[in-house]
Amino acid sequence: MADPNSVIAFYDERVLGHQPDSNAPFLPGRMDRRVRQLLSSLNVPWKYPEHAGRLTTVRHLLELEPVTGLQFEGGKPATREQLGRVHTSSYLEHIFEMRGKNAWLDMDTTAVSPGSVDAAEVAAGTAIAAVEAVLQGRTESAFALVRPPGHHAEPVRARGFCLFNNVAVAATHAQAALGCQRVMIVDWDAHHGNGTQDIFWADPSVLFFDIHRASPFYPGSGQLEDIGAGLGEGTTVNVPMPTGAGDRAYLKAFHEILVPAADWFKPDLILVSAGFDPHSFDLALNVSYEGFAAMTGILQGLAHRHCQGRLVFVLEGGYHLLSLSRGVKTVLEVLAGGTIPEPGTAGLTEVEAAAEFHRMAFVAANEGPDFES
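**Looking at the pairing of strand S8 (residues 236-241)**
A large share of S8 lies buried, amounting to five of its six residues. Strand direction decides the pairing type here: strand S7 (residues 206-213) and S8, joined by six bridges, are parallel. Counted as the bridge partner of Arg213 is Met241 from S8.

Below, the structure is given as structure tokens:
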């Protein structure tokens, strides 16, 4: 078994080679004119939100403010066999044909640059490396700092900045090559993980729990009634949230839905699709850093109870650089054994000190100001 609270962050600079150009041409048959009209209607030039600065900012913060005990390791490319466990052969051929090219693959948001396919292979392979480290007992938990993200990628289609479904590739590798029988995937990104849901829709060996901003927010899927099908009925759990939902609602969902589901399922491994766009700086939800810490603590407790602490985070979304980098650091601090702050208490100590400082100014003789003297 790994040392308690040991944690490795996996990072590979090759993922920075994914640099989509919003002015790249669309593939034949795509809705070029319609999308161009939408982009041109914006008051400011549209830039591709999923950029390399997301990861370099995280690394920079972790260098400036190191997390005690955190170790770093590099990643590796996923093989075609590993990718083929969740994506069709025809889809993989289509993506591999884009190697070295600039193009839009999908009419909503997904584009590639000359280095994108290599970066996507490394992103998926780095998620695998994180899972291997945990299941081989080299570390209790791990965080794969990767891009492009993956949870929107479907078996046959790139969507939502995603080419390969990193967390699904890691989950199926854990089962096919590392002896796991039951894997739980928790997705707390603000967007529903439609691709992950599609991949495991009828699979009873993967419990998929997704808490997200409700439809019609992108991608519009993840209804409450979507619970899987066939043998997998009941192992898909969706918790759609309204605009403005924050720590109290998220933690209530974790305590009252996720924890009982995990206790019923008894996973061998817990994977987390960790997007930091539910933060108030990002996409109309109000999860705080303390909220991310508390959710991490709950997942850590479930991992200790059911699977010897084996817990792997895979980065998904998060586009405000401050909340993304601080959110990642907050999670890593909890995984490394740091104190979990109580959500909603930020600033209370300072207010109490200020109240004590000002207390006597407003109670002397219970009199108001004398404006006549």
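**So, the packing of aromatic side chains**
Under the counting rule described, the total for this entry stands at nine aromatic pairs. Taking 5.5 Å as the distance between ring centres and 20° as the angle between the ring planes, the aromatic pair formed by Phe143 and Phe313 counts as stacked. Here the residue Phe143 occupies a position in strand S5 (residues 141-145), and Phe313 occupies one in strand S10 (residues 311-315), the gap between them amounting to 170 residues. Assessed through its relative accessible area of 0%, Phe143 is described here as buried. Ring centres of Trp188 and Phe292 lie 5.7 Å apart, and the angle between their planes is 40°; this geometry places the pair in the tilted category.

**Points about the sheet that holds strand S6 (residues 183-187)**
Spatially, the eight strands line up as an open sheet ordered S2-S1-S5-S10-S9-S6-S7-S8, and their pairing is parallel. This sheet does not close on itself; its edge strands, each paired only once, are strand S2 (70-73) and S8. Each strand axis lies, on average, 15° off the axis of its neighbour in the sheet, ignoring direction. Sheet topology places strand S9 (residues 269-274) next to S10; five bridges connect them, and they run parallel. Within S10, the residue paired with Ser273 across the bridge is Val314. Where helix H9 (residues 289-306) meets the sheet, it contacts S6, S9 and S10, and its direction lies at approximately 140° from that of S10.

**Details of the confidence of the model for the chain**
Across the chain, pLDDT averages 90, with 89% of residues at or above 70. Taken as a whole, residues 26-32 scores under 50 in pLDDT and shows 11 contacts with residues more than four places along the chain or in a different chain.

**Observations concerning the side chain of Gln197**
Note on placement: Gln197 falls in helix H7 (residues 194-199). Of the residues examined, Gln197 reaches a relative accessible area of 6% and is grouped as buried. Every residue in contact with Gln197, bar those within four places of it in the chain, is listed here: His192, Phe208, Gly222, Asp226, Thr236 and Asn238.

**Comments concerning helix H5 (residues 116-135)**
Between its first and last C-alpha atoms H5 spans 29 Å; for 20 residues at 1.5 Å apiece the expected length is 28 Å, and the two agree. Downstream of H5 by a residue or two, Gly137 has a phi angle that is positive, lying close to 80°.

**Points about the nonpolar core**
Of all hydrophobic cores here, the largest spans 106 residues; its most connected members are Phe143, Trp188, Phe254, Leu271, Phe276, Leu299 and Phe313. No other element matches H5, which puts 13 residues into this core.

**What about helix H6 (residues 166-177)?**
For H6, spanning 12 residues, the distance from its first C-alpha to its last is 16 Å, which sits close to the expected 16 Å at 1.5 Å a residue. The element H6 is largely enclosed, with a buried count of nine among its 12 residues. All buried positions along H6 are accounted for by Asn166, Val167, Ala168, Val169, Ala170, Ala171, Thr172, His173 and Ala174. Of the residues flanking the end of H6, it is Gly179, one or two places downstream, whose phi is positive at about 85°.

**Some thoughts on the pattern of salt bridges**
For side chains of opposite charge, pairing can occur when their charged atoms come near one another. Within this structure, the stated rule accounts for 18 salt bridges. With its nearest N and O atoms 2.7 Å apart, the salt bridge here joins Glu50 to Arg54. On the accessibility criterion, Glu50 (0% relative accessible area) is buried. A residue is classified by how much of its surface remains accessible, and Arg54, at 0% relative accessible area, is buried.

About the criteria used
- Residues numbered from 1 in each chain as written.
- Predicted model: local features only at pLDDT ≥ 70, side-chain atom pairs only at ≥ 80, totals over all residues.
- Heavy atoms only, no water.
- Buried < 20%, exposed > 50% of the residue type's maximum accessible area, 1.4 Å probe, protein only.
- Helix = DSSP H or I, 4+ residues; strand = E, 2+ residues; numbered from the N terminus.
- Pairing = 2+ DSSP bridges.
- Phe/Tyr/Trp six-rings, centres within 6.5 Å; stacked < 30°, edge-to-face > 60°.
- Axes fitted to C-alpha atoms, helices over the stretch in contact; angles between N-to-C directions.
- Contact = heavy atoms within 4.5 Å.
- pLDDT = per-residue confidence, 0-100.
- Expected span 1.5 Å × (residues − 1).
- Core = buried A, V, L, I, M, F, W, Y, C linked by side-chain atoms within 4.5 Å.
- Salt bridge = Lys/Arg side-chain N within 4 Å of Asp/Glu carboxyl O.

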